Amino acid sequence: MTATASPIRVLVVDDHPLLREGIAAVLAGQPDMALVGEACDGNEAVRRHAELQPDVTLMDLQMPGADGIHAIRAIRAMSPDARIAILTTYRGDVRALHAIEAGAQGYLLKSALRKELIEAIRTLAAGRRYFPAEIAAELANHIGKDSLTPREVQVLQLLAGGYANKQAASELGVSEDTIKGHVSSLMDKLGAANRTHAVALGIERGIIAV
């Protein structure tokens with residue numbers, strides 16, 4: 001009698017119950033997969049991973065408390081062979097780049113089709129990386145195009161705090177013209193229509209925090 005292969009054991013980490021339920025429903029329809037656990041923040045993800053030792057972890061990046069990048073680093077430190085795919089809403093998210101640097105081997109948009117989710121889980125479980133071609137292209141594009149300098153990140157953070165150019169110049173000890181130059185440069189890199197749009201993109205992409 002042929003032994004039945006064990007299902008791929010999956011841990012889902014996301015702070016939105018509806019998304020976890022949606023993934024659970026997809027996994028329930030796959031005979032070669034099993035949802036073994038859920039977590040709603042980074043710290044719980046680390047604990048659950050240590051407890052369950054899943055084959056694949058699907059990790060949200062933006063969560064209250066400890067975020068997904070913190071969890072990925074902690075999990076990989078304990079389990080270097082852990083297979084983790086990040087869940088994100090934005091193509092080319094700076095947080096996603098940091099997560100990949102931290103050890104994530106897969107990238108999934110939350111809007112991904114059901115078949116992409118299944119393919120990603122099977123690919124990671126087989127020991128391979130999962131980066132759809134269009135996502136890989138977006139990431140490569142952002143690595144070169146959206147890389148703000150440390151000073152530009154500082155200026156963007158001040159803009160988010162409501163600083164005018166003159167106030168930012170005083171805060172950083174530079175001229176107002178220098179600040180204007182930084183603002184123009186960071187807006188161009190982000191593809192922002194105005195300062196408010198630049199701040200919104202900076203927050204959305206994880207470049208700055210509020």
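Here, the structure is the one placed above.
These remarks concern the structure in this document. Keep in mind that this is a model prediction, so the values were computed, not measured. (Residues numbered from 1 in each chain as written. Predicted model: local features only at pLDDT ≥ 70, side-chain atom pairs only at ≥ 80, totals over all residues. Heavy atoms only, no water.)

1. Looking at the overall build of the protein
Helices and strands together make up the secondary structure of the protein, namely 10 helices and 5 strands. Its C-alpha atoms give the protein principal-axis dimensions of roughly 80 × 30 × 30 Å. When the 210 residues of the protein are sorted by exposure, 45% land in the buried category. Across the protein, every contact between residues at least 6 apart in sequence was considered, and the portion connecting residues at least 24 apart equals 64%. (Helix = DSSP H or I, 4+ residues; strand = E, 2+ residues; numbered from the N terminus. Buried < 20%, exposed > 50% of the residue type's maximum accessible area, 1.4 Å probe, protein only. Contact = heavy atoms within 4.5 Å.)

2. Some details on the pairing of strand S3 (residues 56-60)
Counting buried positions over the 5 residues of S3 gives 5, a clear majority of the element. Here S3 shows no split at all, with Val56, Leu58 and Asp60 on one side and Thr57 and Met59 on the other all buried. Pairing of strand S1 (residues 8-13) with S3 involves 4 bridges; the strand directions are parallel. Each bridged residue has a counterpart across the sheet, and for Val12 the counterpart in S3 is Leu58. The sheet contact formed by S3 and strand S4 (residues 84-88) spans 4 bridges and is parallel. Looking at the pairing, Asp60 lines up with Leu87 of S4. Tracing the backbone out of S3, into helix H3 (residues 68-78) and back to the parallel element S4 gives a crossover that is right-handed. (Pairing = 2+ DSSP bridges. Right-handed = clockwise from strand over helix to strand, strands pointing away.)

3. Here we look at helix H5 (residues 114-125)
Note on helix geometry: an α-helix contains 3.6 residues per turn, so any two residues three or four positions apart are oriented the same way. Between its first and last C-alpha atoms H5 spans 17 Å; for 12 residues at 1.5 Å apiece the expected length is 16 Å, and the two agree. Burial in H5 covers these residues: Leu117, Ile118, Ala120, Ile121, Thr123 and Leu124. Phi turns positive one or two residues past the end of H5, at Gly127, with a value near 90 degrees. (Expected span 1.5 Å × (residues − 1).)

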